[in-house]
Amino acid sequence: MIKFVDTHSHIYQNDYIEDIDDVIRDAKNAGIDKIYLPNVDLESIEPMHQLQSKYPDYFEIMMGLHPTSVEKDYQKQLDIIHTHLHQYDYCAIGEIGIDLYWSKELIAEQQKAFKIQLQWAIESDKPVVIHTRDSLDETLEIVTKFNGLRGIFHSFGGNSDDAKRILEAGDFYLGINGVVTFKNTTLRETLKSVPLERIVLETDAPYLTPVPYRGKRNHPSYIPIIAKQLAEVYNTEIDEIGAITTQNASNAFRKCK
Ligand SMILES: [Zn+2]
């Protein structure tokens, strides 16, 4: 069977509380070998840990404060996140970044929280998982101030110039999800200029569900749908997409078990 990993999934959320064991069984049956869970805020820490301790070999967990969760007193939030970072060997700092789509009100706080968390990544030699929405200039302005960053720009949906700028800013991979299957996207065209060696697969479940399930709850078991679309883009077989993106994910998260 072809093996895949889901590098970005929020299935510790309440959306899955009723049927999480089925969701995991379906994912395993679809060839998903491992799932990476990004943290988002202070409330998500406990459910994320709970899920991971139930299936310790199947999940890898990250620690970070998501940009849309950054509040005025972000320093207090970060103190708690930082305490957790000392208590457990998380596989990445994530997800962190800048999001100006929902609100620009706390842009200064978002920028400061992002910088602090990037510094933690450098100090602990961990990869970062970056969320950027309507904010690539602002995100790269900060990222390029650091030397030696590595990780994933998750949910990439930009143009080929955006891809080029990200890949030049550090040792980064682009996370590709269900958006690549959407009818009106330019992402398939964009990816023709991006080497497959820089792509990792993700669902971002429960969001961004691929066609033909668009609008419904997303599942890690839908990763092969994304891989199949990429096989067309890169004019290759789905096995090849599985093998290369799985290798890419383990490069991006190296040192995680
Ligand atoms: Zn996410």
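That block above? That's the structure.
Note that the structure is a prediction, hence the values are computed from the model and not measured.

> When you look at the environment of Met-63 in this model, what are you seeing that I'm missing?
Within the secondary structure, Met-63 sits in the loop between strand S3 (59–61) and helix H3 (74–87). Given 27 C-beta atoms within 10 Å, Met-63 falls into the buried group. Those residues in contact with Met-63 that lie beyond four places of it in its chain are Asn-39, Ile-81, His-84, Leu-85, Tyr-90 and Ile-93.

> Just to check I follow, could you spell out the nonpolar core for this structure?
Within soluble globular proteins, side chains that are nonpolar generally end up buried alongside one another. Leu-37, Met-62, Leu-174 and Ile-226 are the most contacted members of the largest nonpolar core, which has 63 residues in total. Here this core takes 5 residues from helix H8 (residues 223–233), the largest share from any one element. Ignoring any residue separated from it by four or fewer positions in sequence, one finds Ile-226 in contact with Ile-176, Asn-177, Gly-178, Val-180, Thr-181, Leu-201 and Pro-210.

> Honestly, the pairing of strand S4 (residues 93–99) in this entry has me stumped. Any pointers?
Most of S4 sits inside the fold, with 7 of its 7 residues counted as buried. Pairing between S4 and strand S5 (residues 128–133): 6 bridges, direction parallel. When the sheet's bridge partners are listed, Ile-93 is paired in S5 with Val-128. In this region the chain leaves S4, passes through helix H4 (residues 107–124) and returns to the parallel neighbour S5; the handedness of that crossover is right-handed.

> Just checking my understanding: could you explain the environment of Met-62 for this structure?
For Met-62, the location among the structural elements is in the loop between S3 and H3. Judged by C-beta crowding, with 25 C-beta atoms within 10 Å, Met-62 ranks as buried. Aside from chain neighbours lying at most four places away, what touches Met-62 is Tyr-36, Leu-37, Pro-38, Asn-39, Tyr-90, Cys-91, Ala-92, Ile-93, Gly-94, Glu-95 and Val-129.

> Can you help me understand the packing of H3 against H4 in this one?
To describe two helices that pack against each other, one gives the angle between their axes and the distance between the axes. The geometry of H3 relative to H4 is characterised by a closest axis approach of 11 Å and an angle of 20 degrees between their N-to-C directions. Considering their axes alone, H3 and H4 lie roughly parallel with respect to each other. Between H3 and H4 lies a crossing whose hand is right-handed. Within the contact between the two elements, H3 uses Tyr-74, Leu-78 and Leu-85 and H4 uses Glu-109, Lys-112, Ala-113, Ile-116 and Trp-120.

Criteria and cut-off values
Residues numbered from 1 in each chain as written. Predicted model: local features only at pLDDT ≥ 70, side-chain atom pairs only at ≥ 80, totals over all residues. Helix = DSSP H or I, 4+ residues; strand = E, 2+ residues; numbered from the N terminus. Buried ≥ 20, exposed ≤ 12 C-beta atoms within 10 Å, placed from the backbone. Contact = placed C-beta atoms within 7 Å. Core = buried A, V, L, I, M, F, W, Y, C linked by C-beta atoms within 7 Å. Pairing = 2+ DSSP bridges. Right-handed = clockwise from strand over helix to strand, strands pointing away. Axes fitted to C-alpha atoms, helices over the stretch in contact; angles between N-to-C directions. Parallel < 35°, antiparallel > 145°, perpendicular 65-115°, else oblique. Left-handed = near helix turned anticlockwise from the far one by under 90°.

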